[in-house]
Amino acid sequence: MIIVLHPKATRQEAEEILQQIREKELKPLYMPGSERTVIGALGDERRLGELHLESHPSVERVDPILAPYKAVSREMHPEDSVVKIGDVPLGGGGFAVFAGPCAVESREQFAATAAAVRAVGAHGLRGGAFKPRTSPYSFQGLGLEGLRILREIGDETGLPVVTEVVEVADVEAVSEYADAFQVGARNMQNFRLLTALGKAAKPVILKRGMAATVKDVLMSAEYIVSEGNAGVILCERGIRTFEDGTRNTLDLSAICQFKEYSHLPVLVDPSHGTGKRAYVTPMALAAAAAGADGLLVEVHHDPPSALSDGAQSLYPEQFERLLRQVRRVRQSGEA
Ligand code: PEP
Ligand code: MN
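Because the structure is predicted, anything quoted here is derived from the model rather than measured.

Chemist: Talk me through helix 6 (residues 191-198); I want residue IDs and the actual numbers.
Modeler: All of the buried residues along helix 6 are L193, L194, A196, L197 and G198. Buried residues along helix 6 sit in contact with helix 5 (171-177), strand 10 (180-183), strand 11 (204-207) and helix 7 (214-225).

Listed below in structure tokens is the structure:
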């Protein structure tokens, strides 16, 4: 339910209502706005009826949230939310690009790639320490050592770092070393992991599962936000279709849907979305034109030597061109 307070309602009156919601074992959300305060109540809505808030003197109206996802819905929060990774804001009109190799392979490899992407204007670094791979015989990542390298290079470059967390047992360690968690496509509906991340203190980039609908993604985001972690960023990374000319089919219309149904920031990953280096920049430009809030892009200082996803990793010069062209696309949309 959304409880819209009268413009003159005080913070104290809002607090009393929040307390009543808590006493009914519902989760309250406090959303002060420039004109009026809105309060959300999440949980069994029949209990809320017992409070008769519609006749409370500080309440203007009580509206149901029709979407099955509540806290992440546009109905609950009409303005775009802004989520910060380190000092980098996502959402709210800017465009943030996180770039780096698929996996942290060694200190030298990650340092070289990080320096290259930083030099041309990346806002943050990506790199997997735990690598869930299709084949158990493929490189599985450096684990804790990878997290340490990620943090060190993040500190040396002054850029925030994001990395994937694959299981509940690793949440604490990843939280210690990274500035944001990444939930991979294969774990998008790992509800135990999502619930654990909902209790964590760092933002979460939630990647779309390869067979997940937009609404499935939003329900997964709801798992995180309803546990108290409002810092969720959605990420379109391609879905499985009958098309096999690309690794996945990058669903750019998902950007429009995410923006219509939710207030959360939206990133696009054109690397996993296509699987082909030559297609990454065109899809990145299309994502920028379609209203994405930023990109997650794989770049490697020496793609032929990459231990994973070399075929879709950009050379640093290509990444520099991508950023230049993205800037132009965004300027042309500003008229
Ligand atoms: C990744 O970003 O490294 C990754 C494994 O992506 P996805 O989960 O989208 O396949
Ligand atoms: Mn990858």
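Chemist: Describe the pairing of strand 12 (residues 232-236), naming the residues involved and giving the relevant values.
Modeler: Of all five residues that make up strand 12, five are buried, and the element is covered over most of its length. Burial of the side chains of strand 12 extends over both faces: V232, L234 and E236 are buried on one face and I233 and C235 on the other. Regarding the hand of the β-α-β motif, the stretch spanning strand 11, helix 7 and strand 12 is right-handed. Note that strand 12 and strand 13 (residues 266-268) share three bridges and pair parallel. Residue pairing across strands places E236 opposite V268, the latter belonging to strand 13. The handedness of the strand 12 to strand 13 crossover, carried by helix 8 (residues 253-261), is right-handed.

Chemist: Explain the coordination of the manganese ion (ligand 2) to me, and be specific about the residues and the numbers.
Modeler: The manganese ion (ligand 2) binds to the protein through C102 (SG), H272 (NE2), E298 (OE) and D309 (OD); the donor distances cover 2.0 to 2.4 Å. Of note, the manganese ion (ligand 2) draws all its donor residues from one chain, in the sequence arrangement C-x169-H-x25-E-x10-D. In this pair, C102 is assigned in the loop between strand 7 (96-100) and helix 3 (107-119) and E298 in strand 14 (residues 294-298), connecting sequence segments 196 residues apart. The two residues C102 and E298 agree in class, both being buried.

Chemist: Explain the environment of L147 to me, using residue names and the numbers behind them.
Modeler: If you trace the backbone, L147 turns up in helix 4 (residues 144-157). The spacing of L147 and E15 is 132 residues in sequence and 41 Å in space, taken between C-alpha atoms.

Chemist: Before we move on, can you summarise the side chain of S58 with the specific residues and values?
Modeler: Of note, S58 is situated in the loop between helix 2 (45-49) and strand 4 (59-63). By relative accessible area, which is 5% here, S58 ends up buried. When near neighbours in sequence (up to four residues on either side) are disregarded, S58 contacts L5, H6, A9, E13 and I17.

Chemist: Mind laying out the domain arrangement of the chain, listing which residues take part and the relevant values?
Modeler: If you check the domain split of the chain, you get domain 1 (2-63) and domain 2 (83-334). On a C-alpha basis, the centroid separation for the pair domain 1 and domain 2 is 36 Å.

Chemist: I'd like a description of the pattern of salt bridges, backed by residues and values.
Modeler: Inspection of the entire model under this criterion finds 22 salt bridges. When the shortest N-O distance is used, the salt bridge between D179 and R151 registers 3.2 Å. Within this pair, whereas D179 is found in the loop between helix 5 and strand 10, its partner R151 is found in helix 4, the two being separated by 28 residues in sequence. A residue is classified by how much of its surface remains accessible, and D179, at 14% relative accessible area, is buried. A relative accessible area of 18% places R151 in the buried class.

Rules behind the numbers
- Residue numbering note: each chain is counted from 1, following its sequence as written.
- Each chain is given a letter, starting from A, and each ligand a number, starting from 1, according to the order in which they appear as written.
- Local features are withheld for residues below a pLDDT of 70 in this predicted model, meaning they are given only at 70 or higher, and side-chain atom pairs are given and counted only at 80 or more; totals for whole chains, interfaces and linings count all residues.
- Hydrogen atoms and water are omitted, and side-chain values are computed over all heavy atoms in the structure.
- Burial classification: accessible surface area is computed with a 1.4 Å probe over protein chains only, and a residue below 20% of its type maximum counts as buried, one above 50% as exposed, and the rest as partly exposed.
- By the criteria applied, helices consist of DSSP H or I runs no shorter than four residues and strands consist of E runs no shorter than two, each listed in order from the N terminus.
- Two residues qualify as a contact provided that any one of their heavy atoms is within 4.5 Å of a heavy atom in the partner residue.
- By the criterion used throughout, a crossover qualifies as right-handed when its path from the first strand across the helix to the second strand runs clockwise, the strands pointing away from the viewer.
- In this scheme, strands are said to pair when DSSP sees at least two bridges between them.
- Metal donors: N, O and S atoms at distances within 2.8 Å, or within 3.2 Å for Na, K and Ca, with water omitted from the atom set so that some sites may seem incomplete.
- Each domain's limits were defined by an automated method or a database of domain assignments.
- By definition here, a salt bridge exists when the distance from a side-chain nitrogen of Lys or Arg to a carboxyl oxygen of Asp or Glu is within 4 Å.

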